Amino acid sequence: EAGVTQSPTHLIKTRGQQATLRCSPISGHTSVYWYQQALGLGLQFLLWYDEGEERNRGNFPPRFSGRQFPNYSSELNVNALELEDSALYLCASRPPGETYEQYFGPGTRLTVT
Amino acid sequence: RKEVEQDPGPFNVPEGATVAFNCTYSNSASQSFFWYRQDCRKEPKLLMSVYSSGNEDGRFTAQLNRASQYISLLIRDSKLSDSATYLCVVNPELFIQGAQKLVFGQGTRLTINP
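All of these numbers come straight from a predicted model, not from anything done at the bench.

Examining the layout of surface pockets
When its volume is computed, the largest pocket comes out at roughly 760 Å³. Looking at the lining of the largest pocket, the elements with two or more residues in it are strand S9 (87–94) and strand S11 (108–112) of chain A together with strand S9 (84–91) and strand S11 (108–113) of chain B. Looking at the lining of the largest pocket residue by residue, the classes come out as twelve nonpolar, eleven polar and five charged. Quantified by volume, the second largest pocket comes out at close to 390 Å³. As for the second largest pocket, its lining consists of 15 residues, of which Leu43, Gln44 and Phe45 of chain A together with Glu3 and Val103 of chain B are closest to the centre. Those elements that provide at least two residues to the lining of the second largest pocket are strand S5 (43–50) of chain A together with strand S10 (103–104) of chain B.

This is the structure:
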């Protein structure tokens, strides 16, 4: 069974630009979560999508946004990039039903210069 | 106070040793608990779920103490391949509340030495 996939693997942008990160969940999983892992810091919850709707967001400014498509894949957009947005962005998926386990993709490493 | 706290380590132990990590959480209403493992520059991988009083999977044992609000991970007969960062993870809300976010500790770095 294929795992969670993310693209691109690496992304280099300059301050003020926009970044778009993509995630495909495990087949059959309907929930997608986005996390940010900055260097030396723990994973911070960004966004949760389920059945095409944004269900919850973490303590991040509105310039972090995203969406979930009908095939359950998801996109994270970061506008007006700042240097401190440089981090590993991880996507996780969860199967439907009352289960809490999340399965992570390999991440997109975003570097803002 | 952080929602989930772990000793960052590093823990350096010889191969074959037994090592234990603790993790404390601040929200007494937390419902489910996990240990994830993260190798350097890789994604976290689910190691174990801890749902009730604890569970065991081979050399790994996880325990939950709700009264003291901590969970532990015990690794017996440690292998070189156990070297990684171990993340304590808590889901602080009831499933019906729908928040479904995981709160991660900072991780405990473990190195197994030959």
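Remarks on empty space enclosed by the protein
Using the criterion set out here, one finds one cavity of 30 Å³ or more in the structure. Its residues placed into classes, the lining of the largest cavity shows five nonpolar, three polar and one charged.

Remarks on the nonpolar core
Core analysis: the largest hydrophobic core is formed by 23 residues, its most contacted members being Phe21, Trp35, Ile71, Leu73, Ile75, Tyr86 and Leu110 of chain B. Only strand S3 (19–25), strand S4 (32–38), strand S5 (44–50), strand S7 (60–65), strand S8 (70–75), S9 and S11 of chain B provide two or more residues apiece to this core. Beyond its immediate chain neighbours, meaning those up to four positions away, isoleucine 75 of chain B contacts Ala17, Thr18, Val19, Phe21, Arg59, Phe60, Asp82, Tyr86 and Leu110 of chain B. Counting 22 residues, the second-largest nonpolar core is a separate cluster that includes Val4, Trp34, Tyr49 and Leu110 of chain A.

Quick notes on the state of the cysteines
Linking two cysteines covalently through their sulfur atoms gives a disulfide. All names here are of chain B. Under the criterion given, the structure shown has two disulfides over all chains. Here cysteine 23 pairs with cysteine 88 through a disulfide, and the sulfurs are 1.9 Å apart. With the S-S bond torsion at -70 degrees, the cross-link from cysteine 23 to cysteine 88 turns out left-handed. Of this pair, cysteine 23 sits in strand S3 while cysteine 88 sits in strand S9, and the two are 65 residues apart along the sequence. Pair check on accessibility: cysteine 23 and cysteine 88 agree, each one buried.

The rules behind these values
Residues numbered from 1 in each chain as written. Chains lettered and ligands numbered in written order. Predicted model: local features only at pLDDT ≥ 70, side-chain atom pairs only at ≥ 80, totals over all residues. Heavy atoms only, no water. 1 Å grid on protein atoms, 1.4 Å probe; cavity = no way out; pocket = protein on both sides within 12 Å on 5 of 7 lines; lining within 4 Å. Points joined across faces, edges and corners; volume = space filled by probe spheres on them. Helix = DSSP H or I, 4+ residues; strand = E, 2+ residues; numbered from the N terminus. Nonpolar A, V, L, I, M, F, W, Y, C, P; charged D, E, K, R; others polar. Core = buried A, V, L, I, M, F, W, Y, C linked by side-chain atoms within 4.5 Å. Buried < 20%, exposed > 50% of the residue type's maximum accessible area, 1.4 Å probe, protein only. Contact = heavy atoms within 4.5 Å. Disulfide = S-S within 2.5 Å.

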